[in-house]
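Okay, here's what each chain looks like letter by letter:
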Amino acid sequence: MADTTVVQPPKGVARTLQSHTLYGNIFAHCSPRSLLRFRRVSRAAQQAVQDYMDRAFNVNKRLSRYFRDPLAFRSLQARTAAIVSGSFALQFFDRTYYPESDLDIYTHPERSLLDVGLYLQSEGYTFEPYSWQQGRWRDEVDQLCTRMNAHVDALENEDEVSELYDMKGTRAVYTFVRDPTPGAPAATTRKVQIIVARSTPLRALLDFHSSMSSACTALAKHAKGLLWIPTASVLNIITYNAAYCLYPLATLEAYTSLVLNGGNPGKVAALEKYAKRGWRAISNPSPLIQYLNPSLFYVGKSRWVCDEHTWTVPLSMEGVKPPPPSSPSSEALSWDPIAECGWRLAYLSIPEGLVIAKFGIVATTVLRWGYTTGNAGYLGRLVSFFMSQGRLEHRKKPDEDSRVEDCTDVWTWWDETLPVFRTIYQADHDLMSD
């Protein structure tokens, strides 16, 4: 007969787990790994930890620093596939506040970014254009959309070229500022930046502090980026329905990030900022990298944002409007497109230890949104589907010259199939537990 004895925590611990104040103060000093482990101790521990996490990881409360209506902003995210990253996302996972920090919103390269800026203006923010940008937000979006695919070297304004040269995955950066209310301290000024990606927000994140060695202009071509800080400062993402920490052990337990090209003046400033906040930086290349815990950076492994190596925090959807279908025959997504994006860190040289980020751009008219992948085999499996399905979709167009955007009433996008392809590919190649 099996032993069904239930282990009960000591009375003192049990009393602590009944007090929001007591266990809240204790859990506030615990790392995420400690919290998740303690949650398995007993049912009371599980309930206490879950209650604490629901309050500690309340994204609406954190967004209320920037928006009067956080739910409206998250509904906007769902509709436009915009994500939040940078310091805000790091503070969310680390349960800290940096009073001087900004909010960074990453968007896809399409006209829906107009809605993001209009929402910011409705929240009291003022568009502060750079010298090369139009003074009126709507006019600037019109201008950007007419030359969205312009290469950095083809831009005419030297200041704009200088701004974007080290961010090859970024097409434009826009700044919105909201002044403090009368009588409030100057520190209450809020700044929000919209970063428009060239293809996908994840590529912009991977490239944000990197030096691109080759450009991706077509499906199935790989881009190679030299990754600057892939953990603590960059690769934390908040979508409308979930928060993703892509390197949780490095970011939240070891407080360690991987660095490249630290000689750039702007990057040195970022290094100083995060060092003051407690993160240490490992140079790249370095022979140390190959001796580190493999779970810090998972060098050599194909990754997806939604994989088991990512710490995913589901967000309450109460009051948030989910994404609508992209067309009458398209299925509405229950996840943000960035969840199905992938990449891979790989050694370029050993024993020096130079690590680069490898990822390919997945762009096709069969998909409503753009994606990245770090696995050539997976990409090859997708391409065969895209080609066959694409031929069918294009037969629906009124004539050959019709743009996809002009025939959305008959077009079907197939983004919802990506999780099917990914999970089957991972199972076939034993990638679920690598």
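Residues numbered from 1 in each chain as written. Predicted model: local features only at pLDDT ≥ 70, side-chain atom pairs only at ≥ 80, totals over all residues. Heavy atoms only, no water.

**As for the side chain of Asp 104**
Logical step 1: Structurally, Asp 104 is set in strand S2 (residues 103–107).
Logical step 2: Looking at Asp 104, the relative accessible area reads 17%, which means it is buried.
Logical step 3: Each residue touching Asp 104, except ones within four places of it in the same chain, is listed here: Ile 83, Val 84, Ser 85, Gly 86, Gln 193 and Ile 195. (Helix = DSSP H or I, 4+ residues; strand = E, 2+ residues; numbered from the N terminus. Buried < 20%, exposed > 50% of the residue type's maximum accessible area, 1.4 Å probe, protein only. Contact = heavy atoms within 4.5 Å.)

**Quick look at the confidence of the model for the chain**
Logical step 1: Put simply, the chain has an average pLDDT of 85, and 86% of its residues get 70 or more.
Logical step 2: Low pLDDT, under 50, characterises residues 209–233; the stretch is placed with 95 contacts to residues that sit more than four places away or in other chains. (pLDDT = per-residue confidence, 0-100.)

**Some thoughts on the nonpolar core**
Logical step 1: Of all hydrophobic cores here, the largest spans 59 residues; its most connected members are Leu 202, Tyr 247, Phe 297, Trp 343 and Tyr 371.
Logical step 2: Looking at this core element by element, the count peaks at six residues for helix H15 (residues 376–395).
Logical step 3: Ignoring any residue separated from it by four or fewer positions in sequence, one finds Tyr 371 in contact with Thr 200, Leu 333, Trp 335, Pro 337, Glu 340, Cys 341, Gly 360, Ile 361, Val 362, Asp 415 and Leu 418.
Logical step 4: Ranked by size, the runner-up nonpolar core spans 49 residues in total, among them Leu 17, Phe 57, Ala 172 and Ile 238. (Core = buried A, V, L, I, M, F, W, Y, C linked by side-chain atoms within 4.5 Å.)

**Topic: unusual backbone geometry**
Logical step 1: Cis rather than trans, the peptide bond between Asn 284 and Pro 285 has omega equal to 15 degrees.
Logical step 2: Following the sequence through the fold, Pro 285 ends up in the loop between strand S11 (280–282) and helix H14 (294–297).
Logical step 3: Of note in the backbone geometry, Ala 81 takes a positive phi value of approximately 60 degrees without being a glycine.
Logical step 4: Tracing the sequence through the fold places Ala 81 in the loop between helix H6 (70–80) and strand S1 (83–85).
Logical step 5: The class of Ala 81 is buried, set by a relative accessible area of 2%.

**Digging into the packing of H15 against helix H16 (residues 418–428)**
Logical step 1: Between H15 and H16, the shortest axis-to-axis distance is 10 Å and the interhelical angle comes to 135 degrees. When the axes of H15 and H16 are compared, the pair comes out oblique. Pair H15 / H16 crosses with right-handed handedness. Along its contact with H15, which presents Gly 377, Tyr 378, Arg 381, Leu 382 and Phe 385, the element H16 presents Leu 418, Phe 421, Arg 422, Ile 424, Tyr 425 and Asp 428.
Logical step 2: Each residue belonging to the contact of H15 with H16 can be placed in one class, and the counts come to seven nonpolar, one polar and three charged. (Axes fitted to C-alpha atoms, helices over the stretch in contact; angles between N-to-C directions. Parallel < 35°, antiparallel > 145°, perpendicular 65-115°, else oblique. Left-handed = near helix turned anticlockwise from the far one by under 90°. Nonpolar A, V, L, I, M, F, W, Y, C, P; charged D, E, K, R; others polar.)

**Remarks on the pairing of strand S15 (residues 354–362)**
Logical step 1: Counting buried positions along S15 yields eight of nine residues, so the element is predominantly enclosed.
Logical step 2: Note that strand S14 (residues 342–349) and S15 share five bridges and pair antiparallel. Considered in S15, the bridge of Ala 346 is made with Ile 356.
Logical step 3: Sheet analysis places S15 next to strand S16 (residues 371–373), joined by three bridges and oriented antiparallel. Bridging across to S16, Ile 361 finds its partner in Thr 372. (Pairing = 2+ DSSP bridges.)

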